[in-house]
Structure formats: structure tokens, C-alpha cells
Amino acid sequence: MSAIAIGTLCLGVLVGGAAHAAGADRIVGPVDNAQRTALSGHRALWAQAKSDQGAVPADLPLAHLSLTLNRSPERQQAFDRYLQEQQDPASPNYHRWLTPAEIGERFGASQHDIDALSGWLGAQGLKVDAVASSRTRIHFSGSTANVGAAFGTELHYFQAGAEKRIANTDLPKIPAAFANAVQSVTGLSAIKLVPAHRMSAPRSAAIRQDAAPQPALTNCPPAGGPCSYAIFPADFSTIYDVPVLAQGIDGSGQTIAIVGRQRVYNPDIQNFQSKAGLATKYPTVIVPTTGTDPGAPASTCSTTGTPSCSKPSAAVADQGEATLDVQRASSVAPGAAIDLIVSTTTNNMDGVFIAMDYAIDTNPVPAKILSISFASCEADATSGNATYLDNYFSQAAMEGISVFVASGDGGVAGCASLDSTPTTTERVSTNLLCSSGHVTCVGGTEFADRSNPGMYWGSNGPGYGSALGYIPEGAWNEPLSATGASQVAASGGGVSAFIPTPSWQAGPGVPGRLGRYTPDVSFASSIREGYFTCIAAQGGSCVVGSDGQFHYLGSGGTSASTPSMAGIAALLNQKTGSAQANLNPRLYALAATPANGVFHDVTVDSSGVGSCTPSTPSMCNNSTPGPSGLSGGLQGYAVGPGYDQVTGLGSIDVSKLLAAWGNGSGTSVNLNQHGMTGSWANPATSGQGLVMEVDPDFYGTGTGLLFAGWYTYDVTAPGGQRWYTIQGQVSAASPSSTMPIYLTQGGRFASSLATTTAPVGQATIQFSDCTHGSLNYTFSDGSGRSGTIPLSRLDSNVTCGQTGNNGSAASDYLLAGAWADIGTSGQGLVLDINPLQNLLFAGWYTFATNAGQGSGAAGQNWYTLQAIFTPGSTSSTNIGIYNTTGGVFNQAATTSTVPVGSASLVFHSCNSATLSYAFTAGANAGASGSLNLSRIGPMPAGCTL
């Protein structure tokens, strides 16, 4: 372990981050069209030979094709670092959102590369239509013949379900000189998007002229059975605790962008708002110049034939989606402005993507909140599709945009059509648009109120509100239709096959590190108690007839929960006075402290399911039924404590979310206190973590010294153990600090062989409270490693307080810290002694017995020491020495921890100790000896022996 050089410590502080980051050209050699390389991950799985319907006409024009460009490693590293700084309250770049053009200038592809690629496209007979403001995409168009020739593949029609789609027959190929510059080509195969909403048949309610409205808009079957209730905006506010509307928090000053393929019929919006007791406020409709205007919305429907009120056309279904989204978002945040960005599908490009491009790449962006209620089967997509979307959404995050996407309505069978009869060939899949860690994926719940609805629903109050309070929730799963037939209708969720697990996605219930898990949060989505919706084109105009009756629809699906979450984001932005961008890191940090009450955790108990069988679809899972009954379908995921792949972290208590988001108990802690000393780790990455010490006021009043030993592994399991030290200043005024990461090498176990210590990167350590934090790291050693590790305290908090130490500590705890034997260069221990748990834990940072000057980092070795420590004692015997193997740097892996010896520790004073050891197994078997330990740094105030 590298000893601290008192007074000469070199502090590397990352200031400003990424301004005008240097970026080398990615295209450096001559372009030879004959030398080609294939782009992997660019064949749609549905484009199979058996479904090939023949070649697309050579003269068919194709538009909205895109080349997605790779940033240089330097610019990508700077981009990722700036994203982190934007969410770091201690950074000067905190919440300094950039415009698309600023992103392009600072982090985009070089002009040389853009010119080279644009010139090549033109030489192939293709037209460059635009370069994205972010300089990461080049949009182009051309005839089918020229597109196919340019990328070395034919384009054919393929039968995909009930429709024909265009796709490439081979992997696209580009000149080898472009291999480092081009990440993907998009538009050769169509990505199918479906609206993720459900509508009930028209329901009736009465308005009497001589009395209040009928209670709860109750619909009870004449022959008996459970009644259904409509969720009005007032009900949503009661159930999910949104009383802030009465406090002037209504989304004023915020804009929510909703993307879709159709306009809305304004009388539907007016009638909805009138019945809900809201002021009339229409959305602003935007049709991008690159898209196609869908034309006037439908206003009537037929009760017979096809299409009809109950079986609408695709266009009316899209109109229904837009209407639901506008009504949900505007009712949760009635003060917010709504931009409805729409386009029909144009030249093989779904109109939703055209609208999404406008929302994210327009200068300036029209809104800081974006709601997307559409889903696409990831199992049908390619890795190129996933990276294309992740590129868009990471750009949105840097612009300050909070993006919300529906998790889908097919349960675990994400490729199934909503409300369809399940087949025997359903596939496990998530929603492709949810795969990016830069979006908040919103799933669905269902109220567990059937056994006693009177406990949760009463008579109407203002705005038809009849809910009495929070209603326990289970997974949204309606495997049987009203007639008892099998259907697919459940909360989508699972794990992405393409996008890795984000560093912040950790905590109780998170399954591991297999990929991006979805959803993140959920709200009610069942049409049994659907959201009150007015859509004249589907028979629910909400216009009161001469008989005092009006007809409305009950809406559900994750398309209803998603714009609801977008509305909540508008309340959050208004209350904090700033756009928040990607909410996920903060949401998962809040979930780590259940006592704050932010989340309603959905479990088997809360679902009301007496005996949860994962293979049988019910409100405890998102499994699907078979073609003719509950059995024989796909087994999904079960709800459970903490996170689950059905409802995510659960639903949200909005008032508590707003209170916890920016208050002192949730966002910062005074780091200049010995109470931060202890053992920290990410439970999801087995067998690695930090043992840390803080010496308060080391550099003067209010500025302390943090020293941490980071025990981890190489980037591959065979590479073995690695360890680093992190040291630098911490301030009482900041919850985070940036400091160097040091690598020490060249030593040998229990030897005075000289070592070398050098900085190999930078780390930003940030803590939200006394038990939770994060380590953001960026290595400069050529490995390209960067990321974020969520940290949790591994043992009990002893004296840490939000604003400083909350009391004096026993000397046992004050013995914790960094210790070294100056006779064994560059190696030592960081001790954690916890009197609340009578625990001694230490990281012993050393080297292999056969290591030397030429061994490099591979010569490092570390052990952990663990034992019971008797309070008030000055010594401890029978301390176990453990060796852990099999780990991978910052990844979940199957590790093995075995005892390899024992030790005893005697403290002579608060600054001096002796560790005696004897190894019985492992590489040091038979070795024994002692370390004469001296404390590194000053003795903590109050330490006595």
C-alpha cells in the first residue's frame, strides 16, 4: 500500500470536465471501396429465408436512413465524464445542460470524418439529407438499388406476421477505412413500433341535475362479479399522494413532449378536462419538416362493421394513444405545456422515430421531458438498433431531457401483440426502446382491492375523485379476457440482450449484472380500473346526452403509466427549479433507503395472491397464459422485495419523492468527519470494495484527508487480484471529491523490495448520506475503463451524521484507518473496527511471494482479515485471513473465498500495533511473521488506550 506523503500529496482535481475535448480523426487511411468490412448485429431475426417475399423494386425511394458515428475514445471518455458531472452537485458542470449543437461541437465526430463519409455516400449515388446537430448521425436517402449497392446487400420484402416489411438480406458492408468511424447503419430494416395501451368498451355514467354525480362511476355486472372503477385525475392524486397540486406545484413553466403518429381531436381534450375539473388546455401540435402530417383526427365511429368503435383502424388506435398520453400527462401536471410531436410513417421510417429525432436533436430542444408510449420487440431487433437508440437517449440526457418509455404490454413475451390470443411460439423479450439506461422504463401494476373494494373506494368528491387513499398493488397481469379467453396483457419486463447493466442499477432485488433490467418504476395499468378517457372516435366522447348519461373509455396498459410518470417529472422539475435529465441514478439511490417511503414496493404479499406459482400468470408475475388457458405459456418474473422485473422499484408516493429528491437527508453529507471511515462495496459485484479512512481537518478547518484501499480484480477472471489506493482532500462543504487513483507495483510479500507508485486515473467519490454513495472512475492507463460503482456501507454506521459526527466514538472505532509497516515498502492494511457489531475487518494490500520489479500489476495480492473484536480490548486473536479469487473488475462474478491462515493483532497505542500472521494454505502456505504497524496520518481526536 502506498504510504501517504504528508505535505507533498499531489491532488489531481478534475475541473470543468470535457470542454472542447480533443478528438482524433477516426478515418485515417485511403478509402478503398473494394476493401470491405461487415457491420455485425445488423440482421433482423424476422428476415428469414422462409418469409422472403422477393426483392424490393430497384427504383423505390428510401429515406430516413442513418449512419451512426463512433466518437474517438478521447471524446467518448469526455462525453461520459461530462454526463457524470452534470449529476454531481459538487461539480461546476452540475445541471449545465448542453444544446444538441454544443454536444456536436464538443463531443461529435470530426469534420474530416463527416466530410469523408458524406463524400462516400454521394459517390454511391446517395443524398446526404442532414448531419445531426450532435454530429453523431448522418441522415441520407436514395433508391433501393443504390442503397443496396452501397452497403453490399440486397433489400427484400419479408412477411413479418400480418404485414410485409423491408430488410437487408446480408450484413451491410462498408469500406474498411470506415470501420472505426461507423457504429451502425439504420433504416435498412424496419423497426416495428406498437402503441402500448388498452381501451375498454365504452362505459356509461350519469350526471343528475339534482344531485352530485353517481359514486365512483361504478360499473357492476348485472349477474354479479367484481365491479370496475374509473381512475379520475383526482383519484390518481389520492392514490399516489399528489397533494402538491394544492401547493402550487402543478408543472407550471415546464413542457412535456409526447411523440406519436396522429393528432388528437380537441373536443376530446376539452371534454376530459371539463369532467375532471381542470382548465381547458390544448396541446401544441408539431409536425417535423422531415415527417408527414397525419391530417385531421377522427371524430366519430360506427357501431357496426370494421373498423368500428370497438375495433378501430390503426390510425384511430394511434389517435387513441396520443389522446391517452395527452390526457394523462396534462392531468398529473395541469400547469405544464404539452407538445404533441407527430408524423405518420414515412419512407420505411416509423413516424415515432421522426418525432423522437425532432424532440432530441432540434436546437434548442422543445421540451425537457419526453414521453414515449410505444414498444418494439427487442428479440426481433439487432444490436445496431439498440446502439442507435442508446446514442439518441444519451444525447437527450446530456440535454437535460428526462425520457420515459412504456415497458410494453406483453408481459415476459415482449413480442406478442396486446390482447392477442397467445401462441405456442411466443418469445421472451423486453421493449427495445427501454433497453437504454438513459431512459426511465415504466411498467404496470394492478390494484389488489377485489376482496374488499369498499375499503379503498367511496363516494365522489370534487372532480369525480372517489379513491380513499393508497391501494395495495400487485403486478398488472390480466391473462383472461372478460369472456374467459386467454389473452396477452401484462407488464413488460426482463433483461436486455444488448445493453449492459448500468452502474447505478444495483440494490436489493436487482438480479445481477446480466444486462439492463426493466422496468424501473410502475403505476396502475389495468383496464378493470382503467383511467377515465374521452375519445369520440372510439365511442367515448364524454358528451352528456339528454338523458344525463355520457360515455367514456377505461384506458390501461403501460402507455397510461408512462405519461403519468412524465407528468410527475414536470412537478419535480418545477419544485427543484431545474431539469433533472436521467432520473434513474437518483431513483435507485432513493430506493436504497426504504425508510423514506418514496416507493410502494410490490411484493407477493401486496399482490393478494395467496400462493404464487411463477409459471401460472397472476398478479404476482408477468407470465403469460397458453393458447387455451392459464397453463402452457411463458414463465415470467415474480414480484418481490426491492427491485423486480415486473414492477421495477414499485410505484411512487409523489409527495415523498419530491420531498426526498433535494432535501438534506438525501443528497449530501459532510465528508470531513471520521464517521465516514469504514468498509464500502457494491453488493452486486462480489468480493470487491473499499476500506476507507477520513482524517478530518487534516489540511485545515473544514478540509480533511480521505484515504481508501480499493481491493478488486483484473478485467478478466484469469488476471487475478488487483488493488489501488485513492487519496485526496474532502470538504465539509461538498458531498463529493475528485482525486487520483494510484497503482503500486514492484513489491514482494513481507519484503523491503522497492516499489513504485504512480497515478493511473481519477476517481470522484460522492455520498448521498452516511450509508450510500458512489465511486466514479476513469482510468488513464490505456485500459479505457470508466464507470460508476454504487457504494453501500457494509457494517453499521457508528458516528457519521449528515452534517458531521453525531457523537463521540469509542476508541475501538478510532483505531480504524490506514496502517503500514515501513519496512515492507508499499504494503499495509486499512482497518475497520466496528464497536456496534464487535467486528474487525481489514483489507491487507500486499504482493505475491514471487513478485518483483518486473511483475507489474499482476504481482499484486490482497487478503481480507475478519474477526470478532471485544469492545475495550487492545488485542485480538484468531483473526481469519481469507483469500478471494474468481472476480472480475466491477462485474458480478462467481467468486470463491477460503481461509488461508490466521493472525493476531496487538495495539500498543493509537499509533502503533503489531500484526502476527501464519499462513496454512494458498500461495503463502507455511509463511509466518509479523508486521510492525504504524498509523498513516494523524491520530484521531479522542483516541486513547
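For the structure, check the block above.
Because the structure is a prediction, the values reported are computed rather than measured. (Residues numbered from 1 in each chain as written. Predicted model: local features only at pLDDT ≥ 70, side-chain atom pairs only at ≥ 80, totals over all residues. Heavy atoms only, no water.)

On to the state of the cysteines, then. In the structure shown here, the tally under the stated rule is seven disulfides. Residue Cys301 pairs covalently with Cys309 via a disulfide, S to S 1.9 Å. Its torsion about the S-S bond being 95 degrees, the disulfide of Cys301 and Cys309 is classed as right-handed. When its relative accessible area of 12% is taken as the criterion, Cys309 is described as buried. Residue Cys770 pairs covalently with Cys800 via a disulfide, S to S 2.1 Å. (Disulfide = S-S within 2.5 Å. Buried < 20%, exposed > 50% of the residue type's maximum accessible area, 1.4 Å probe, protein only.)

Here the focus is the packing of aromatic side chains. Counting across every chain of the model gives 45 aromatic pairs. Ring geometry for Phe749 against Trp844: centres 5.8 Å apart, planes inclined by 45 degrees, an arrangement best described as tilted. Linking Phe749 in the loop between strand E32 (736-745) and strand E33 (756-767) with Trp844 in strand E38 (residues 839-847), this pair joins segments that are 95 residues apart in sequence. The class for Trp844 is buried, based on a relative accessible area of 2%. Over the ring of Tyr157 we find Lys164; its NZ or CZ atom is 4.9 Å from the centre of that ring. (Phe/Tyr/Trp six-rings, centres within 6.5 Å; stacked < 30°, edge-to-face > 60°. Helix = DSSP H or I, 4+ residues; strand = E, 2+ residues; numbered from the N terminus. Lys NZ or Arg CZ within 6 Å of the ring centre and 35° of its normal.)

Looking now at the sheet that holds strand E36 (residues 817-820). Strand pairing in a sheet relies on backbone hydrogen bonds. The paired strands run either parallel or antiparallel. Strand order around the closed barrel formed by eight strands is E36-E37-E38-E39-E40-E41-E42-E43, with antiparallel pairing between neighbours. Geometrically, the sheet is characterised by an average inter-axis angle of 30 degrees between neighbouring strands, direction not taken into account. Two strands pair when backbone bridges link them, and strand E42 (residues 912-919) and strand E43 (residues 928-935) are joined in this way by seven bridges, in the antiparallel orientation. Across the sheet, the residue bridging to Ser916 is Ser930, located in E43. (Pairing = 2+ DSSP bridges. Axes fitted to C-alpha atoms, helices over the stretch in contact; angles between N-to-C directions.)

Below, the discussion takes up the sheet that holds strand E3 (residues 61-69). With respect to topology, four strands assemble into an open sheet ordered E4-E5-E3-E9, the strand pairing being antiparallel. Here the strands that pair on one side only, and so sit at the sheet edges, are strand E4 (127-131) and strand E9 (182-186). Neighbour to neighbour, the strand axes of the sheet diverge by 25 degrees on average, direction disregarded. The pairing of E3 with E9 spans four bridges and is classified as antiparallel. Paired with Leu67 across the strands is Val185, a residue of E9. Helix H3 (residues 111-123) rests against E3, E4, strand E5 (137-143) and E9 of the sheet, and its axis sits at about 5 degrees to E5. (Contact = heavy atoms within 4.5 Å.)

Coordinates in, geometry out; function isn't part of it.
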